[in-house]
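The primary structure of each chain is shown beneath.
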Amino acid sequence: MDETRRVEQYVEQYIRGVLRHLYLKDEYRRRVADDLRSHIAEASQKKPVDEVLKDMGHPRKIAAEIMETYEKDYEKMGFLNAIAYAQHVRDSNVKSAAQVGGWPLVHIATGYNESGERNVAKGIIAVGDIAIGVVAMGAVSVGVIAVGALAAGVLASGALTVGLLVALGAAAASVVASVGGAAVSGGFAFGALALARLYAMGAYARALYYIGAYGESAVVPAWMRSLVEGLRTHALLFAVSLSVLGLALGLVPSVLPQLLALRKGGRGIR
Amino acid sequence: MGGPDKELLRGTLELVVLSIIARQTSYGYSIINAIKQETEGRIELKEGSLYPVLYRLEDAGAIESVWHYPEERGVPRKYYRILPEGKKRLGRLRKEWCDYVRLVTLLIEGGSEGRSEGGSEDG
């Protein structure tokens, strides 16, 4: 490998290091990459490139200074970058300029503000430690659709969930239908422990109509019987479907931004 | 003798950078060099501090950038040029800075008097 190629690779590696910590849309990342490339080329006409890069400092530091300018600019970050940045810095508060009924279309908030108060995400789509919105995702989330460790909503999914219509979770309670390890519902409950007013299915189930491992009610509706038969026949498919649903609702929102960050770090921008 | 405090510099960067670009169309590296030379090496601006300021000014319509690609071997440069909006901004920033310096000077002088009065009472 000739010297020019080695230097080019060295510079590109440095620029990738900056981009890896830059949570911005591609067009803005490209602007930074182009400027750094030109700057380094210019500076290295006067001294060796190793020295130039050393003087510039750690790529993370350059990226951090650039991000200070954009950390509240949702339009330049985009949804996934804003989530990844919130996970990266811990104290983040970014809203989209677009609003619906006085609420930001997207609000991502984690950690604390300058006054030491907890940042709360309130938006049509809200993501954060505490999230309140039409679609809310967070450790504690309240929304029409709520996903989180503690989730309450019309449709709620997470570890401990309360749903007006549907609740999915390790422990799930709802008015209409609950599915989970322990499921309690006014209508239908399905789970290891299933307690409902009307219909329950599970290892231990109690309701007006129920089917459990330890017995069933005197009368069982035909649809419940066929559902149980169906689940027995397609047990594997059912288990896989539940796992995929769990992954989609629980893991993906937290893992996807990290994957994005890895993807960004792995490629340069030309 | 060292340069000014980092926070103080950060607060005046926009004014400094805009002033340099107003004097002459410049590119990133040349702005860093100009600051270093004109302050006799006492202010050294880092790339991570300069480029966000340039982006902010460009996004605000205060300056515009044009890439210049040399015909033969050479380094492509992105030149920044001040726009009418930038000239207005520069005027406002200059006035703010002059007012601020005047006020701080007043405070410092007042503070010195206060301290000497306090000192004489103690003594």
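Only a predicted model underlies this, so the values are computations on that prediction, with no experimental measurement involved. (Residues numbered from 1 in each chain as written. Chains lettered and ligands numbered in written order. Predicted model: local features only at pLDDT ≥ 70, side-chain atom pairs only at ≥ 80, totals over all residues. Heavy atoms only, no water.)

1. Here's the deal with the interface of chain A and chain B
Then step 1. Facing 21 residues of chain A, the contacting portion of chain B comprises 21 residues.
Then step 2. For the pairing of chain A and chain B, the buried interface totals around 1,900 Å² over both sides, and the portion due to carbon and sulfur atoms is 50%.
Then step 3. Scanning the region where chain A abuts chain B turns up six salt bridges.
Then step 4. Glu58 of chain B is the partner of Arg31 of chain A in a salt bridge, and the nearest nitrogen-oxygen pair spans 3.4 Å.
Then step 5. Taken together, the connections running from chain A to chain B amount to 13 residue pairs in polar contact (both at pLDDT 80 or more).
Then step 6. Mapped onto the side of chain A that touches chain B, the elements with two or more residues apiece are helix 2 (26-43), helix 3 (49-56) and helix 4 (59-70) of chain A.
Then step 7. The biggest single contributor to the side of chain A that touches chain B is helix 2 of chain A, with nine residues.
Then step 8. Of the residues contributing to the side of chain A that touches chain B, the split by class is seven nonpolar, five polar and nine charged. (Contact = heavy atoms within 4.5 Å. Buried area = accessible area lost by both parts, 1.4 Å probe. Salt bridge = Lys/Arg side-chain N within 4 Å of Asp/Glu carboxyl O. Polar contact = N/O pair within 3.5 Å; in protein donor to acceptor, adjacent residues only side chain to side chain. Helix = DSSP H or I, 4+ residues; strand = E, 2+ residues; numbered from the N terminus. Nonpolar A, V, L, I, M, F, W, Y, C, P; charged D, E, K, R; others polar.)

2. Remarks on the sheet that holds strand 1 (residues 26-27) of chain B
Residues and elements named next belong to chain B.
Then step 1. Taken in spatial order, the three strands make up an open sheet running 1-3-2, and their pairing is antiparallel. The strands lining the two open edges of the sheet, one partner per strand, are strand 1 and strand 2 (63-68).
Then step 2. Summarising the sheet, strand 1 and strand 3 (residues 77-82) pair through two bridges and their orientation is antiparallel. The residue bridging Tyr27 from the neighbouring strand is Tyr79, located in strand 3. (Pairing = 2+ DSSP bridges.)

3. Things to note about the sheet that holds strand 1 (residues 92-95) of chain A
All names here are of chain A.
Then step 1. As summarised here, the arrangement of the eight strands in space is 1-4-5-6-7-8-9-10, forming an open sheet in which the pairing is mixed. Across the chains shown, the open sheet's two edge strands, defined by having one partner strand only, are strand 1 and strand 10 (215-216).
Then step 2. Across four bridges, strand 4 (residues 106-110) lies against strand 5 (residues 121-174) in parallel orientation. Counterpart to Ile108 in the pairing with strand 5 is Val127.
Then step 3. The strands that helix 6 (residues 79-89) touches are strand 1, strand 4 and strand 5; relative to strand 4, the one it contacts most, it runs at about 10 degrees.
Then step 4. Docked against the sheet, helix 7 (residues 222-233) engages strand 7 (188-196), strand 8 (199-206), strand 9 (209-212) and strand 10, running at close to 40 degrees with respect to strand 8. (Axes fitted to C-alpha atoms, helices over the stretch in contact; angles between N-to-C directions.)

4. Side note on the nonpolar core
For soluble globular proteins, nonpolar side chains are generally found buried alongside one another.
Then step 1. In this structure, Ile40 and Ile108 of chain A together with Val17 and Leu54 of chain B are the most contacted members of the largest nonpolar core, which totals 63 residues.
Then step 2. For this core, the element with the highest residue contribution is helix 1 (residues 6-23) of chain B, accounting for seven residues.
Then step 3. The residues touching Val17 of chain B, leaving out its near neighbours within four places in the chain, are Ile31, Leu50, Val53, Leu54 and Leu57 of chain B. (Core = buried A, V, L, I, M, F, W, Y, C linked by side-chain atoms within 4.5 Å. Buried < 20%, exposed > 50% of the residue type's maximum accessible area, 1.4 Å probe, protein only.)

5. Side note on the side chain of His39 of chain A
Then step 1. Within the secondary structure, His39 of chain A sits in helix 2.
Then step 2. By relative accessible area, His39 of chain A is classed as buried at 2%.
Then step 3. Among the polar contacts made by the side chain of His39 of chain A, one reaches the side chain of Tyr51 of chain B at a distance of 2.9 Å.
Then step 4. In contact with His39 of chain A, other than residues within four places in its own chain, are Met56 of chain A together with Gly28, Tyr29, Ile32, Glu47 and Tyr51 of chain B.

6. Description of the packing of aromatic side chains
Then step 1. Taken as a whole, this structure holds nine aromatic pairs over all chains when the rule is applied.
Then step 2. Seen from their ring centres, Tyr23 of chain A and Tyr85 of chain A are 5.5 Å apart, and the 55 degrees between their planes marks the pair as tilted. A residue pair is termed long-range when its members are at least 10 positions apart, and Tyr23 of chain A in the loop between helix 1 (3-20) and helix 2 and Tyr85 of chain A in helix 6 qualify at 62 residues. Comparing Tyr23 of chain A with Tyr85 of chain A shows no difference in burial state: the two are buried.
Then step 3. When the ring of Tyr51 of chain B is compared with that of Tyr55 of chain B, the centres are 6.3 Å apart and the planes differ by 40 degrees; the resulting orientation is tilted. Of this pair, Tyr51 of chain B and Tyr55 of chain B are both found in helix 3 (residues 47-59), four residues apart, which corresponds to roughly one turn of the helix. The residues Tyr51 of chain B and Tyr55 of chain B share a single accessibility class, namely buried.
Then step 4. Grouped by ring-pair contacts, the aromatic residues Phe188, Tyr199, Tyr209 and Trp223 of chain A constitute a single cluster. (Phe/Tyr/Trp six-rings, centres within 6.5 Å; stacked < 30°, edge-to-face > 60°.)

Purely spatial values, then, with no claim about function.
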